[in-house]
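Single-letter residue listing:
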Amino acid sequence: MLLTERADRLFAGMTIAGYAIGAAEGILYLRGEYAYLRAFLEDVLTTRYRDHLLGAAILGKTGFDFDIRIQMGAGAYVCGEETALISSCEGLRGDPKTRPPFPAQKGYLGLPTVVNNVETLCCVPKILEEGPATFGGHGSPGSSGTKLLSISGDCSRPGIYEVEFGIPLTEVLTLAGADDAIAVQVGGPSGQLIGPKDYARKICFDDLATGGSIMTFGPGRDVLKTAACFMDFFVDESCGYCTPCRVGNVLLKDRLERIRAGRGEPGDLDYLQRLGTTVKTASRCGLGQTSANPILTSLANFRPRYEEMVKAHQDGFNPSFDVRAAVSEAEGIAGHSSVIYPQPIEER
Amino acid sequence: MSDTVALTIDNVQLQGRPGQTILEAADEAGIYIPRLCHLKGLQPFGSCRVCTVLVNGRPQAACTQPISPGMVIESSTEQVREIRKDLIDMLFVEGNHFCMFCERSGNCELQAMAYRFGISAPRYPFLFPSRAVDASHPDIMIDHNRCIRCARCVRASRDLDGKEVFGFVNRGPHKELAVNAAARLVDTTVDVTDQAMNVCPVGALLKKRTAYVVPIGRRKYDHTPIGSEIEGARSQ
Amino acid sequence: MDLALPASTKKIVIDPVTRVEGHGKVTILLDEANQVVQTRLHIVEFRGFERFIQGRPFWEVPVLVQRLCGICPVSHHLAAAKAMDRIVGGEHLTPTASKMRRLMHYGQIFQSHALHFFHLCSPDLLFGFDADVKIRNVIGVAARYPELAVQGVMMRKFGQEIIKATAGKKIHGTGAIPGGVNKNLSIQERDGFLQDLDQMVTWARGAVGIARDYTVSNLQTLAPFGSFESSHMSIVRNDGAMELYDGNLRAIDAVGDKIFDQVPCQEYSDYLAEEVRPWSYMKFPFIRSLGPERGWYRVGPLARINTADFIDTPEAEAARREFMALTGGKPNNLTMAYHWARMIESLHAIEKIRDLLHDHDLQGTDLVVKGERREEGIGIVEAPRGTLIHHYKVDDQDQVVMANLIVSTTHNNEPMNRAVQKVARDYLSGVEITEGLLNRVEVAIRAYDPCLSCATHALGQMPLTVELLDHAGQVLDTKST
Ligand code: SF4
Ligand code: FES
């Protein structure tokens, strides 16, 4: 939305940032899904060049040179991670880089680089125009200004809302028409899945931090399914570079699916907790470090739902796999049905 | 800049040199930090995460993290050991590692690491992926079943042999080693005398017809655990 | 799944606690007059290996296939290594290599026969078939005949140490590699063995005595027990001597006439074929010239003593003569004579070990040879339980494209079925499975030492289910040990 409606302000923010750090080049990284915006954005840039707001000696000021180009990406989620984004700009695989060095030391093509998101850069001209006091007058201590929230899911008024930092989640839910939400995912897949007992918490950096995404889930939704969908997402989006994220997410997902299929056992909850913690602790970049959150936060906030799925069977015997399915491949090779686990006669 | 950097690893005080990684400083001090993707002489890569340590309480990969003054590093605490065990387990279940008949058994760093950590069976379920063997080359073979995506061969071929024979393709769980040719090893410029042929920590990149020539009892890790060469330096 | 199964198998009831490996099941089918018409021994021996091996590099196979078995891995190791010798054109091994392999093999025969005789079978022999299973097990033997139990353990250990010194580990080692071996025997290792050698020979001699006395003094009962006339097959040396590691195939009929002789191993499939029967996982091999109906044969210790013209070690040869005298020099067809034959082989093995240990070639350093590369290799050895055939094809990228393994339990499949049938006919009365019948079925199967008996009998429990079906396939009775 900022790109479509405030592109000019974004580019102004980038230019100011360039001036501040003494950079001569800016890159807008546009993921593949937004390719349709490219022509429009190029137009905005052309206009700014024409108006001497970009190019050599901006507004006649010698030495203030700044160019902006648009870099198209293919749309991998991990390319939102700053070092992966830089790799992608460089024409490499969109893998995160090893840090240190940090981008501010060695970034794009080995040069010092500052990476910021569109919303941050759009704030810059506002602050300069209206003064820091006005900006600081909005929001809560430690989280100045306003925040754009993209609210979706089970709500009667989905959309993009600008709210002051510090707003309690309940108010947000009321705005969007989601008062009956049984669960809310704050901060996208890598954020947290929270339940009603936490709705009084505030949207701000030190409480419920979010890049802007709020997804609401109404009555009738299953939080385990929600968590499973997000785990699917991370399995797909992992770049595969480091062990914990590449393997751990698959294992987390598999065990969650087993629980959902009714073949869980009580020990599975500790299993998920331990595995999730390792993935979080040992992963190389932000994606992996947050990829276990769908499970870890749903486990913390919706534990009874998990417990219900993994309770011990009355006979004390929780079958964790389907023996018929397990022997079927061997039967195929042998050309016989299993003698020990024969198929029920009606299936033959 | 002073020419030493003071830090502590597991309550041992040591002096590193500026520009060293935690792992390099530890090695010099005779403290072994377990590692799989890292190999002395190659650029640090940081993919296996087995070298994870806590630096002032925060997890970092020792093979890529430079030292800085006053770092307080935990490497052999219970918490860190458990993380490493998980990572080793993950590497086992991710591939098809049949140590019982693998020709690298006894010389394999992954197996030796599992022994060092007292792992007899992984706690995670095997994923049993279906992976190929590329035996097209007359003297070299890749058994993808055992590749742990450490990129040692990638780095050695690129940086030591100047060839770039190996690279990775695909993402996430599907990430795999590939060769820089249509699809097969035989079409590349790889040669059995390449340095890349000596770096694989497991039984994935192999010289053909050299299997089991060293009898049990004389293999690299038959008598001393992995890491003892570094720990040995300390006691001397 | 649409599998056409005979009606009777639909009635199978299997104890749900049984496991896939090591479990045998017997069905006995009656006719309308309640006479035994057929018995079937179902051994759930799943052969995924042949498929699993495909695509693996050939040098891995001798180590890989050992995992088929925890009791006789060395046999698989050596049979595969011999096949791979041919792949690398290295079948003419150096003296050091061939003697190291032989030493390994005799060590294996010695330890396996000791295990089989002392741990698995001696309870039947010492206590009688009808003794309570609570006593009729290795623990019972240890209590009543402690010195025998100790001998069994020590003999097995000696064989295992030989294996360790030649293969690197007691089970699943790596000693044999295509075209040779990876180590020789150090003087130190040799001297260690020499210390215990005499004791081993003495015990092996004693064991032959026990088996002989038992057989001779119970001949009345044993002669008909599970017995039937059959052909016999094994490898033999060029001169007709008993040979366990490397020779040519010989088969004789029930009276000792040769069916084929001195057939090179590479040509086995011209003489033997395999038949699949729908009710069993196992294949049924047969001698081509006799056809599937009549072409079945026995392998293992009994067959080897029958096929050999002589044994090339003096004490075992003397024992062999005594054995053959019982049947007037004709082949011995007694199922229960397997035990005696087995102990004669055990004596032969320790005599061979003695000769080898005194041979300085074992300290040689020339370990591997190779020659012209081939695409196909067949390796045959006489494993403790009988002839073991490994057959591979390897492509020009060194990957296995075909593997066929015929193990001794497979060769003995039909004979074991016959033995069980004989026992059923002789001991079934009425339509009920008595303890006595159950025990006897077990004893007959155990004479052959199929792998299924290994798994758990050491603790007094052979996993066996016997089921009695009437002519309509209705289950009349089921009993498990
Ligand atoms: S083949 Fe070996 S060296 Fe290369 S990435 Fe795989 S495990 Fe590492
Ligand atoms: S050794 Fe450091 S990440 Fe692999």
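Residues numbered from 1 in each chain as written. Chains lettered and ligands numbered in written order. Predicted model: local features only at pLDDT ≥ 70, side-chain atom pairs only at ≥ 80, totals over all residues. Heavy atoms only, no water.

1. Some points on the overall build of chain B
Argument step 1. Counting secondary structure elements, chain B contains five helices and 10 strands.
Argument step 2. Relative to the 2.2 N^0.38 estimate, which gives 18 Å for 236 residues, the radius of gyration of chain B is 18 Å and therefore close to what a compact globule would have.
Argument step 3. Per-residue burial for chain B yields a buried fraction of 56% across its 236 residues.
Argument step 4. Pairs at least 24 apart in sequence give 63% of the contacts found in chain B among residues at least 6 apart.
Argument step 5. With an accessible surface of roughly 10200 Å², chain B has 50% of that area assigned to carbon and sulfur atoms.
Argument step 6. Charge-centre separation for chain B: the mean point of 28 positive side chains lies 2 Å from the mean point of 26 negative side chains. (Helix = DSSP H or I, 4+ residues; strand = E, 2+ residues; numbered from the N terminus. Rg over C-alpha atoms; globule rule 2.2 N^0.38 Å. Buried < 20%, exposed > 50% of the residue type's maximum accessible area, 1.4 Å probe, protein only. Contact = heavy atoms within 4.5 Å. Areas by Shrake-Rupley, 256 points an atom, 1.4 Å probe, with all protein chains shown as cover. Lys, Arg positive; Asp, Glu negative; His and termini not counted. Charge placed at Lys NZ, Arg CZ, Asp CG, Glu CD.)

2. Here's the deal with the interface of chain A and chain B
Argument step 1. The partner chain B presents 31 residues to the 33 residues of chain A that form the contact.
Argument step 2. In total, chain A and chain B occlude about 2500 Å² of area from one another, counting both sides; carbon and sulfur atoms represent 58% of this.
Argument step 3. Three residues, Tyr241, Arg246 and Arg274 of chain A, lead the burial of chain A against chain B; their summed loss comes to 25% of the area buried on that side.
Argument step 4. Put simply, chain A and chain B have four salt bridges between them.
Argument step 5. Put simply, Arg274 of chain A and Asp86 of chain B hold a salt bridge, and the shortest N to O gap is 2.9 Å.
Argument step 6. There are 12 residue pairs in polar contact (both at pLDDT 80 or more) connecting chain A and chain B. (Buried area = accessible area lost by both parts, 1.4 Å probe. Salt bridge = Lys/Arg side-chain N within 4 Å of Asp/Glu carboxyl O. Polar contact = N/O pair within 3.5 Å; in protein donor to acceptor, adjacent residues only side chain to side chain.)

3. Points about the site of ligand 1
Argument step 1. Taken together, 13 residues lie near ligand 1, and Cys147, Cys150, Ala151, Cys153 and Cys200 of chain B sit nearest.
Argument step 2. Class assignment for the residues of the shell around ligand 1 results in 11 nonpolar, no polar and two charged. (Near = heavy atom within 4 Å. Nonpolar A, V, L, I, M, F, W, Y, C, P; charged D, E, K, R; others polar.)

4. Describing the sheet that holds strand E7 (residues 140-143) of chain B
Argument step 1. Read from one edge of the open sheet, three strands run E6-E7-E10 (chain B), paired in antiparallel fashion. Taken across any chain shown, the strands that pair with only one partner, and hence form the sheet edges, are strand E6 (133-134) and strand E10 (205-207) of chain B. (Pairing = 2+ DSSP bridges.)

5. Digging into a nonpolar patch on the surface
Residues and elements named next belong to chain C.
Argument step 1. On the surface, a nonpolar cluster with roughly 240 Å² of combined accessible area is contributed by Val150, Val153 and Met154.
Argument step 2. Within the fold, Met154 resides in helix H6 (residues 146-167).
Argument step 3. Look at Met154 and you get partly exposed, because its relative accessible area is 37%. (Patch = residues over 30% accessible without salt bridge, like charges linked within 9 Å, V, L, I, M, F, W, Y side chains within 5 Å.)

6. Thoughts on the side chain of Thr387 of chain C
All names here are of chain C.
Argument step 1. Relative to the assigned elements, Thr387 resides in strand E12 (residues 386-394).
Argument step 2. On the accessibility criterion, Thr387 (0% relative accessible area) is buried.
Argument step 3. Within the local environment of Thr387, its side chain forms a polar contact with the side chain of Glu382, the two groups lying 2.8 Å apart.
Argument step 4. Residues within four places of Thr387 in sequence aside, it is in contact with Met233, Ser234, Leu249, Val299, Ile380, Val381, Glu382, Ile406, Val407, Ser408 and His411.

7. Regarding helix H2 (residues 78-94) of chain B
Argument step 1. Taking 1.5 Å of rise per residue, 17 residues should cover 24 Å, and H2 of chain B covers 24 Å from first to last C-alpha, within 8% of that figure.
Argument step 2. In terms of residue burial, H2 of chain B counts as a mostly covered element, since 14 of its 17 residues are buried. (Expected span 1.5 Å × (residues − 1).)

8. Overview of the nonpolar core
Argument step 1. Counting 95 residues, the largest nonpolar core has Ile350 and Ile353 of chain C as the members making the most contacts within it.
Argument step 2. Of the residues that make up this core, three or more belong to each of domain 1 (10-47 + 413-480) and domain 2 (49-410) of chain C.
Argument step 3. Discounting residues that sit within four places of it in the chain, Ile350 of chain C has contacts with Phe110, Phe158, Leu197, Met200, Val201 and Ala204 of chain C.
Argument step 4. Formed by 84 residues, the second largest nonpolar core is a distinct cluster that contains Ala84 of chain A together with Tyr32, Phe45 and Phe166 of chain B. (Core = buried A, V, L, I, M, F, W, Y, C linked by side-chain atoms within 4.5 Å. Domains from an automatic or database assignment.)

9. Overview of the domain arrangement of chain B
Residues and elements named next belong to chain B.
Argument step 1. On domain assignment, one finds that chain B holds domain 1 (5-76) and domain 2 (87-207).
Argument step 2. Distance from the C-alpha centre of domain 1 to the C-alpha centre of domain 2: 25 Å.
Argument step 3. Contacts between domain 1 and domain 2 engage 17 residues on the former and 21 residues on the latter.
Argument step 4. It is Leu36, Leu42 and Phe45 in domain 1 that bury the most area against domain 2; as a group they hold 43% of the surface buried on that side.
Argument step 5. The interface formed by domain 1 and domain 2 contains zero salt bridges.
Argument step 6. At the surface where domain 1 touches domain 2, the tally comes to five residue pairs in polar contact (both at pLDDT 80 or more).
Argument step 7. Residues that form the side of domain 1 that touches domain 2 fall into these classes: 10 nonpolar, five polar and two charged.

10. Quick notes on the pattern of salt bridges
Argument step 1. Counting across every chain of the model gives 74 salt bridges over all chains.
Argument step 2. Glu307 of chain A is paired through a salt bridge with Arg303 of chain A; the nearest N and O atoms lie 3.4 Å apart. Of this pair, Glu307 of chain A and Arg303 of chain A both sit in helix H13 (residues 303-310), four residues apart, which is roughly one turn of that helix.
Argument step 3. Ionic pairing is found between Glu60 of chain C and Arg56 of chain C, a salt bridge with its closest N-O pair at 2.6 Å. Per residue, the accessibility class of Glu60 of chain C equals that of Arg56 of chain C, and both read buried.
Argument step 4. The network of salt bridges with shared partners includes Arg274 of chain A together with Glu82, Lys85, Asp86, Asp89 and Arg123 of chain B.

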